Amino acid sequence: MDDQPSRTSQTYRLTTPNTPLSPKICRDTVAMLLTANGHRPDLTDTARTLVSEIVTNAVTHTGSLTIDLETVVLRDGVRVAVYDDHAATEPLAALDVSRDSEHGRGLLLVQALADDWGVAPAARPHGEGGEGKNVWFELR
């Protein structure tokens, strides 16, 4: 009998308070999950960067009391979604950012590094509150 767990996919969820520490907690959690599941260091490093960007956006631009992180560790990659209480009234897309702007490049980075990404209206995973949104990305 094989003692190894199924490697098709494993889903992990974390809820953090909406504080300046949330991006670090979330990116370190995703990195630990990917390392524990034997993923390549370059995939782990890219995931850390993208998690930091989308969690920082949720912390900075929403009034959510908590941030929900869902990480699906796949055999060949990862899918990460960050949920908040701010409704998705229009799709987030690559922003036109002026050359001297100090902010606004995070989603450009997500678009450039992720194999796929998006934003969608979504209920919070733990069932609290009404509709919000999730911003997600996939790396393979």
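A brief report on the enclosed structure follows.

About the criteria used
Residues numbered from 1 in each chain as written. Predicted model: local features only at pLDDT ≥ 70, side-chain atom pairs only at ≥ 80, totals over all residues. Heavy atoms only, no water. Salt bridge = Lys/Arg side-chain N within 4 Å of Asp/Glu carboxyl O. Helix = DSSP H or I, 4+ residues; strand = E, 2+ residues; numbered from the N terminus. Buried < 20%, exposed > 50% of the residue type's maximum accessible area, 1.4 Å probe, protein only. Arc of directions from axis to C-beta. Contact = heavy atoms within 4.5 Å. Phe/Tyr/Trp six-rings, centres within 6.5 Å; stacked < 30°, edge-to-face > 60°. Lys NZ or Arg CZ within 6 Å of the ring centre and 35° of its normal. Pairing = 2+ DSSP bridges. Axes fitted to C-alpha atoms, helices over the stretch in contact; angles between N-to-C directions. Core = buried A, V, L, I, M, F, W, Y, C linked by side-chain atoms within 4.5 Å. Polar contact = N/O pair within 3.5 Å; in protein donor to acceptor, adjacent residues only side chain to side chain.

**Details of the pattern of salt bridges**
Piece 1. Following the criterion strictly, the structure yields eight salt bridges and no others.
Piece 2. Ionic pairing is found between Asp-28 and Lys-24, a salt bridge with its closest N-O pair at 2.5 Å. With a gap of four residues between them, Asp-28 and Lys-24 both fall in helix H1 (residues 22-36), about one helical turn apart.
Piece 3. Accessibility expressed as a relative area gives 43% for Lys-24, which makes it partly exposed.
Piece 4. Notably, a salt bridge pairs Asp-84 with Lys-133, separated by 3.0 Å at the nearest N-O pair. Here Asp-84, found in strand E3 (residues 77-84), pairs with Lys-133, found in strand E5 (residues 131-139); they are 49 residues apart in sequence, far enough to count as distant. Each member of the pair, Asp-84 together with Lys-133, is buried.

**Section: helix H3 (residues 106-113)**
Piece 1. Listed in full, the buried residues belonging to H3 are Gly-106, Leu-107 and Val-110. Viewed along the axis of H3, the buried residues span an arc of 95°, placing them on a single side of the element.
Piece 2. Considering only its buried residues, H3 is in contact with helix H2 (41-61), strand E4 (116-123) and E5.

**Here's the deal with the packing of aromatic side chains**
Piece 1. All chains considered together, the criterion is met by zero aromatic pairs.
Piece 2. Over the ring of Trp-136 we find Arg-79, and its NZ or CZ is 4.3 Å from the ring centre.

**Description of the sheet that holds strand E1 (residues 9-17)**
Two modes of strand pairing occur in sheets, parallel and antiparallel, and in both the strands are linked by backbone hydrogen bonds.
Piece 1. Taken together, five strands build an open sheet; the order of strands is E1-E2-E3-E5-E4 and the sheet is antiparallel. Each edge of the open sheet carries a strand with a single partner, namely E1 and E4. Across this sheet, the average inter-strand angle for adjacent strands is 20°, counted without regard to direction.
Piece 2. Both E4 and E5 contribute to a ladder of eight bridges, which runs antiparallel. Counted as the bridge partner of Gly-118 is Trp-136 from E5.

**Some remarks on the nonpolar core**
The nonpolar side chains of a soluble globular protein tend to be buried with one another.
Piece 1. In terms of nonpolar packing, the biggest core is built from 26 residues, with Val-80 and Phe-137 touching the most fellow members.
Piece 2. The leading source of residues in this core is H2, at eight residues.
Piece 3. Residues in contact with Phe-137, not counting those within four places in the same chain, are Ala-47, Leu-50, Val-51, Ile-54, Val-78, Arg-79, Val-80, Val-110, Ala-114, Asp-116 and Trp-117.

**Looking at the environment of Tyr-83**
Piece 1. In this fold, Tyr-83 is placed in strand E3.
Piece 2. Remark: the alpha-carbon pair of Tyr-83 and Glu-131, spanning 48 residues in sequence, is separated by 10.0 Å.
Piece 3. With residues near it in sequence (within four places) discarded, Tyr-83 still touches Thr-66, Ile-67, Asp-68, Glu-70, Ala-122, Ala-123, Arg-124, Pro-125, Lys-133 and Asn-134.
Piece 4. Within polar-contact distance, the side chain of Tyr-83 engages the side chain of Asn-134 at 3.5 Å.

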